[in-house]
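Structural overview
Listed below, chain by chain, are the residues.
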Amino acid sequence: AEHFKLQMDPVNNHRSDIEDFYANNVAPGVADGTIGPTYDTNCANGFITDGCAPVDVLSAEKLRDYTEGPAETERIANVLLKDDRMGQYVIAPETWDCVWEELIVNGKGLKTVFDRPGYVENDYSFSAEMLEEM
């Protein structure tokens, strides 16, 4: 799980750092069987009240896409809206496009790998082995 934490902080962890960590700490454990599949502890400990079955499959790539992004935003919002616990906190549907435009088009909000100067998305790629393990 540590290599996923590294990936979640791309500003402070370069691809080579993640690959090195994986090669030295994860791959050997996967190969010898000491690192196997894990179940989310929130699910295993019963913290998720309605179980841990997927509700929908969402795409981060589509979310950032200028053509498909607004529709993917709507899909995410509708999943939350239909949830008895979250629905009351979801903002009005007429604001969803505006929020998407401010975050994605205008680049407001938290910084991501897309905000790194001098890099493009294709600079961040995973090896076939890493993708297979994920």
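The structure reproduced in this document is the subject of the present report. These figures come from a predicted structure and were not determined experimentally.

Looking only at helices and strands, the protein features seven helices and zero strands. Beginning at the N terminus, the succession of helices and strands in the protein can be written as α-α-α-α-α-α-α. For 134 residues, the compact-globule estimate of 2.2 N^0.38 gives 14 Å, and the protein exceeds it by more than 25% at 18 Å. Based on the C-alpha atoms only, the size of the protein along its principal axes is roughly 50 × 45 × 20 Å. Out of the 134 residues in the protein, the part that is buried amounts to 18%. Sequence-distant contacts, at least 24 apart, represent 43% of the contacts inside the protein between residues at least 6 apart. Here the protein has roughly 10100 Å² of accessible surface; of this, 56% comes from carbon and sulfur atoms. Taking the 10 positively charged and 26 negatively charged side chains of the protein as two groups, their mean positions are separated by 4 Å.

As enumerated under the stated definition, the model contains five salt bridges in all. One salt bridge in this structure joins Asp56 and Arg75, with 2.6 Å as the shortest N-O distance. You can see Asp56 sitting in the loop between α3 (41–44) and α4 (60–64) and its partner Arg75 sitting in helix α5 (residues 69–82), a full 19 residues away along the chain. Residue Glu102 pairs with Lys108 through a salt bridge whose shortest N-O separation is 2.7 Å.

To continue, consider the packing of aromatic side chains. Scanning the entire structure with this criterion turns up one aromatic pair. Where Tyr66 meets Trp100, the ring centres are 6.0 Å apart and the plane angle is 80°; that geometry is what we call edge-to-face. Pair noted here: Tyr66 is in the loop between α4 and α5 and Trp100 is in helix α6 (residues 96–105), with a separation of 34 residues, a long-range link.

Moving on, we come to α5. Helix length check: α5 (14 residues) gives 20 Å between terminal C-alpha atoms against 20 Å at 1.5 Å per residue, within 8%. Contact partners of the buried residues in α5: α4 and α6.

Counting five residues, the largest nonpolar core consists of Leu6, Ile18, Tyr22, Val26 and Met130. Per element, the largest residue contribution to this core is three residues, and it comes from helix α2 (residues 15–32).

Rules used in this analysis
Residues numbered from 1 in each chain as written. Predicted model: local features only at pLDDT ≥ 70, side-chain atom pairs only at ≥ 80, totals over all residues. Heavy atoms only, no water. Helix = DSSP H or I, 4+ residues; strand = E, 2+ residues; numbered from the N terminus. Rg over C-alpha atoms; globule rule 2.2 N^0.38 Å. Buried < 20%, exposed > 50% of the residue type's maximum accessible area, 1.4 Å probe, protein only. Contact = heavy atoms within 4.5 Å. Areas by Shrake-Rupley, 256 points an atom, 1.4 Å probe, with all protein chains shown as cover. Lys, Arg positive; Asp, Glu negative; His and termini not counted. Charge placed at Lys NZ, Arg CZ, Asp CG, Glu CD. Salt bridge = Lys/Arg side-chain N within 4 Å of Asp/Glu carboxyl O. Phe/Tyr/Trp six-rings, centres within 6.5 Å; stacked < 30°, edge-to-face > 60°. Expected span 1.5 Å × (residues − 1). Core = buried A, V, L, I, M, F, W, Y, C linked by side-chain atoms within 4.5 Å.

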